[in-house]
Amino acid sequence: MKTLIYFCVCAISLACAASADMEEKIFQAYQKEMEPYKEKCQKETGADPLYIEVIMKTGVVSKDPKVMCFAKCMFMNVEVMDKDGKFKKEVIVKKGVAITDEMAESCMKSSESEPELCKRSHDFAICIAQKLAKL
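Residues numbered from 1 in each chain as written. Predicted model: local features only at pLDDT ≥ 70, side-chain atom pairs only at ≥ 80, totals over all residues. Heavy atoms only, no water.

Concerning the state of the cysteines
In total, this model carries three disulfides according to the counting rule given. With its sulfur 2.1 Å from that of its partner, C107 forms a disulfide with C127. Around the S-S axis, the bridge from C107 to C127 shows a dihedral of about -80 degrees and counts as left-handed. With C107 in helix α5 (residues 101-111) and C127 in helix α6 (residues 117-133), this pair connects stretches of sequence that are 20 residues apart. C127 shares its class with C107; the two are buried. Counting only the cysteines that form disulfides, in the order they appear in the protein chain, gives the pairing 1-3, 2-5, 4-6. (Disulfide = S-S within 2.5 Å. Helix = DSSP H or I, 4+ residues; strand = E, 2+ residues; numbered from the N terminus. Buried < 20%, exposed > 50% of the residue type's maximum accessible area, 1.4 Å probe, protein only.)

Quick look at the structure:
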């Protein structure tokens, strides 16, 4: 099944594709991909379960530092980010619903200068969500 994370992670408000049905299918695909790691990442990061539920149900992502680390945990678990914080474009495009090479490359470049991996993950997730919303 093709999906990216959070993204991603951070299940993001995905206003993707031409129809509401497509948007819902994409959002559900991200939710399905994230669900197996939700509890693990919540425990690892100490992110507020309420924030996690909001992410999982609405795609709205908090700027809370623990939620940013939740995004990093999710990215690493779905293997789109390595332990050094480098995003894997091939994996992102392969697993990501509706994510193109150009989208992945652009968001990787815009977030790569952030040294803090939790913030980098958050920035990347927001970038992808914004690009998907323009489809």
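Next comes the rest of the description.
Let's talk about the packing of aromatic side chains
Tallied over the full model, the rule gives three aromatic pairs. Seen from their ring centres, F75 and F87 are 5.4 Å apart, and the 90 degrees between their planes marks the pair as edge-to-face. Taken together, the residues span a long stretch of sequence, with F75 in helix α3 (residues 65-77) and F87 in the loop between α3 and α4 (89-95) at a distance of 12 residues. Judged by relative accessible area, F87 falls into the buried class, the value being 10%. Seen in terms of ring centroids, F87 and F124 are 4.0 Å apart; in terms of plane orientation they differ by 20 degrees. Their pairing is stacked. Placement of F87 in the loop between α3 and α4 and of F124 in helix α6 is noted, with a sequence separation of 37 residues between them. (Phe/Tyr/Trp six-rings, centres within 6.5 Å; stacked < 30°, edge-to-face > 60°.)

Some remarks on the nonpolar core
Residues F75, F87, I92, I99, F124, I128 and L132 are the most contacted members of the largest nonpolar core, which totals 20 residues. Counting only elements with at least two residues in this core, the list comes to α1 (20-45), α3, α5 and α6. With five residues, the top contributor of residues to this core is α6. Counting 10 residues, the second largest nonpolar core, distinct from the first, contains C41, A47, I52 and I55. (Core = buried A, V, L, I, M, F, W, Y, C linked by side-chain atoms within 4.5 Å.)

Examining the side chain of N77
Along the polypeptide, N77 turns up in helix α3. Within the structure, the side chain of N77 is placed 2.7 Å from the backbone oxygen of C73, a separation counted as a polar contact. Every residue in contact with N77, bar those within four places of it in the chain, is listed here: Y37, K40 and C41. (Polar contact = N/O pair within 3.5 Å; in protein donor to acceptor, adjacent residues only side chain to side chain. Contact = heavy atoms within 4.5 Å.)

Describing the side chain of R120
Mapped onto the secondary structure, R120 falls in helix α6. For the buried R120, no salt bridge exists, and the shortest N-O distance to an oppositely charged side chain is 6.8 Å, to E114. (Lys, Arg positive; Asp, Glu negative; His and termini not counted. Salt bridge = Lys/Arg side-chain N within 4 Å of Asp/Glu carboxyl O.)

Observations regarding the confidence of the model for the protein chain
The predicted coordinates of low-pLDDT regions are not to be read in fine detail. Scored by pLDDT, the protein chain comes out at a mean of 80, with 79% of its residues at no less than 70. With pLDDT under 50 throughout, residues 1-19 is counted as low confidence; its partners more than four residues away or in other chains account for 96 contacts. (pLDDT = per-residue confidence, 0-100.)

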